[in-house]
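Here's the letter readout for the chains.
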Amino acid sequence: MNRNNQKERELREAVAAAVSRYYSYKFGQRKEYRPGDRISYAGRIFNEEEMLSLVDSCLDFWLTTGRYAERFEREFADFIGARHCSLTNSGSSANLLAFYALTSPKLGDRRIKRGDEVITVAAGFPTTVAPIIQYGAVPVFVDVTLPTYNIDCNRLEEAVSEKTKAVMLAHTLGNPFDLRTVKEFCDRRNLWLIEDNCDALGARYLLDGEWRYTGTIGHFGTSSFYPPHHMTMGEGGAVYTNDTTLKRLVESFRDWGRDCWCPSGRDNTCGDRFTQQFGELPYGYDHKYVYSHFGFNLKVTDMQAAIGCAQLRKLPGFISARRRNWQILRDGLSGLGGVLILPEATEFTEPSWFGFLMTVREEAPFTRDQLVRHLESRGIQTRMLFAGNLVKHPCFNEMRSRNEGFRIVGDLAVTDHIMRNTFWVGVYPGMTDEMLGFMIDTVTGFCRR
């Protein structure tokens, strides 16, 4: 072995040993839970493997996308069953890139243009809808159903117009929407389907006799790797697809809008870097600096991807723990159906739960806010179902006053009900049986008081 290589290996081993000792000192001792301690709705779960992987990438000092990012994209695609995975800096950016890829002129008549309509829901997180509005397309809001909290598929035909080009929906808190009905609807009308899979990584749907991961059934799936999610790399996200053309469009918009698809730090992958004609540029203009879209810079760093590679090995265990914790809450609260609407999985699904949803019934002798305040006072962290009803938020004020920029199908009555009466608590893998038992006792005690 070359002497320099031997020295580098020895130094890296010494650094790794120091990192392991630091992890044990700083994070190795788990605090025992006591009733009244804060129970977070989510949190990052890691050990020395993530820290070792992160430091290993830092020692390379390759600060942008590199070997760890390439490895993660390959291994994640293999896990979820997609042909391509493209890393980006957040789940919100993943949604942005998936949508903007469908606006590319390279898609011809199928491209989404300004003024075209996209069917979605208002009961969810804003970045499922924001790319539609930011581009200048028109979201068409359809109501949802209880107790699945997903789109009411009976309203799909009512939502369609001659301008409809796509459907963009999230799998609500890990519970898949009715993919069979939505996909059939999209296929019949030649519509694009984007699955916002950010809260549902690991969920599965039984389609045509085969169990498939959500995010792989539509034209695009997206994931978030923000710390509360199923796995994390701090910040980070991914877009995945089985279509090579769509993959290249995503990466063009992600990487400044360039036409070239060379990986970072590499040149002339196509072999025609200086022998092509583009637009009105001189013949042979450097392909690395040809731009086919007005794009962004939304790449991930290799340090983030290094954390993700370690987390990905633990993902099956994370998913199993979430399902187990959800079921413990569901069983423990099953006697409260008279005052709470408890969540149920969509038919033909195996959810990968992000949280445990509860909706206070109108006839209950208490309100959602009273129950939430009680839980928070006992150290149990709660969350709303994100926006509740997105169109009621300040960001829609101007659009609502002009009565333009979006369309509503029906009256969104269930969405409004969720806005007033729904909240959720966590099921993340860091929860212990003692925490779950305390949550069950606290909710039950309040409801029966």
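Below you will find a few notes about this structure. (Residues numbered from 1 in each chain as written. Predicted model: local features only at pLDDT ≥ 70, side-chain atom pairs only at ≥ 80, totals over all residues. Heavy atoms only, no water.)

### Considering the overall build of the chain
Threshold: Numbering of helices and strands runs from the N terminus, with a helix taken as a DSSP run of H or I at least four residues long and a strand as a DSSP run of E at least two residues long. C-alpha atoms define the radius of gyration in this analysis, and the globule rule sets the expected value at 2.2 Å times the number of residues to the power 0.38. Shrake-Rupley sampling with a 1.4 Å probe provides the accessible areas, and residues are treated as covered by the protein chains on show and by no other component. The sign given to each residue is positive for Lys and Arg and negative for Asp and Glu; His and the chain ends receive no count. Taken as the charge centre is NZ of Lys, CZ of Arg, CG of Asp or CD of Glu, depending on the residue.
In terms of helices and strands, the chain carries 13 helices and 16 strands. In terms of overall size, the chain behaves like a compact globule, its C-alpha atoms giving a radius of gyration of 24 Å where 449 residues would be expected to give roughly 22 Å. Seen along its three principal axes, the alpha-carbon backbone of the chain occupies a region of about 75 × 65 × 45 Å. As displayed, the chain offers around 20400 Å² of accessible surface, 50% of which is attributable to carbon and sulfur atoms. In the chain, the 55 positive side-chain charges and the 55 negative ones have mean positions that sit 3 Å from each other.

### Details of the sheet that holds strand 6 (residues 164-170)
As a reminder of what qualifies: Any two strands with at least two DSSP bridges between them are considered paired. Contacts: residue pairs with any heavy atoms within 4.5 Å of one another. Lines fitted to the C-alpha atoms define the axes, with helices restricted to the stretch that makes contact. Angles between their N-to-C directions range from 0 to 180 degrees.
In space, the 8 strands of this open sheet follow the order 1-11-10-7-6-2-3-15, with mixed pairing throughout. Edge positions in the sheet fall to strand 1 (84-88) and strand 15 (407-408), since each of these pairs with one other strand and no more. For strand 6 and strand 7 (residues 192-196), the ladder comprises 5 bridges, and the chain directions are parallel. Residue pairing in the sheet places Val167 in a bridge with Leu193 of strand 7. Along the sheet, helix 3 (residues 67-80) contacts strand 1, strand 10 (220-224) and strand 11 (237-241); its crossing angle with strand 1, the most-contacted strand, is approximately 130°. Each of strand 2 (117-121), strand 6 and strand 7 touches helix 7 (residues 179-189); the most contacted strand, strand 7, lies at about 150° to it.

### Some points on the pairing of strand 9 (residues 210-213)
Here 4 bridges tie strand 8 (residues 204-207) to strand 9, and the two strands are oriented antiparallel to one another. Within strand 9, the residue paired with Leu207 across the bridge is Glu210. Linking strand 8 back to strand 9 in an antiparallel pair, the connection comprises 2 residues, with Asp208 at a positive phi of about 55°.

### Comments concerning the packing of helix 1 (residues 3-26) against helix 2 (residues 48-60)
Short version of the rule: Note on convention: near helix rotated counterclockwise from far helix by under a right angle means a left-handed crossing. Clockwise means right-handed.
The N-to-C vectors of helix 1 and helix 2 enclose an angle of 145°; their axes lie 10 Å apart at closest approach. Pair helix 1 / helix 2 crosses with right-handed handedness. In this structure, helix 1 uses Arg12, Val15, Ala16, Val19, Ser20, Tyr22 and Tyr23 to contact helix 2, whose residues at the interface are Glu48, Met51, Leu52, Val55, Asp56, Leu59 and Asp60.

### Looking at the pattern of salt bridges
What counts here: Salt bridges are identified by distance alone: a Lys or Arg side-chain nitrogen within 4 Å of an Asp or Glu carboxyl oxygen. For each residue, the accessible area found with a 1.4 Å probe, counting protein chains only, is set against the maximum for its type, and the residue is called buried under 20%, exposed over 50%, and partly exposed in between.
For the structure on display, the rule yields 32 salt bridges. Measuring nitrogen to oxygen at the nearest pair gives 3.2 Å for the salt bridge that ties Arg38 to Glu376. Here Arg38 is found in the loop between helix 1 and helix 2, whereas its partner Glu376 is found in helix 10 (residues 368-377), with 338 residues between them in sequence. Judged by its relative accessible area of 28%, Glu376 is partly exposed. Three or more residues joined by partner-sharing salt bridges are found here, namely Glu8, Arg12, Asp56, Asp60 and Arg67.

### Concerning helix 12 (residues 413-421)
Here helix 12 has its buried residues at Thr415, Asp416, His417, Ile418 and Asn421. Where helix 12 is buried, its residues contact strand 4 (144-145), strand 12 (340-341), strand 14 (355-360), helix 10 and strand 16 (422-426).

### Thoughts on unusual backbone geometry
The linkage connecting Leu146 with the following residue, Pro147, adopts the cis geometry, with an omega of 10°. Note that Pro147 resides in the loop between strand 4 and strand 5 (150-151). Backbone geometry places Trp256, a non-glycine residue, at a positive phi of 70°. Locating Trp256 in the fold gives a position in the loop between helix 8 (244-254) and helix 9 (302-332).

### Quick look at the side chain of Thr444
Rules: Pairs of N or O atoms within 3.5 Å make up the polar contacts considered here, provided that, within protein, one atom can donate a hydrogen while the other can accept it, and that residues adjacent in sequence are counted only when both atoms are side-chain atoms.
In this structure, Thr444 sits in helix 13 (residues 433-448). Within polar-contact distance, the side chain of Thr444 engages the backbone oxygen of Ile440 at 2.8 Å. Each residue touching Thr444, except ones within four places of it in the same chain, is listed here: Gly332, Leu333 and Leu336.

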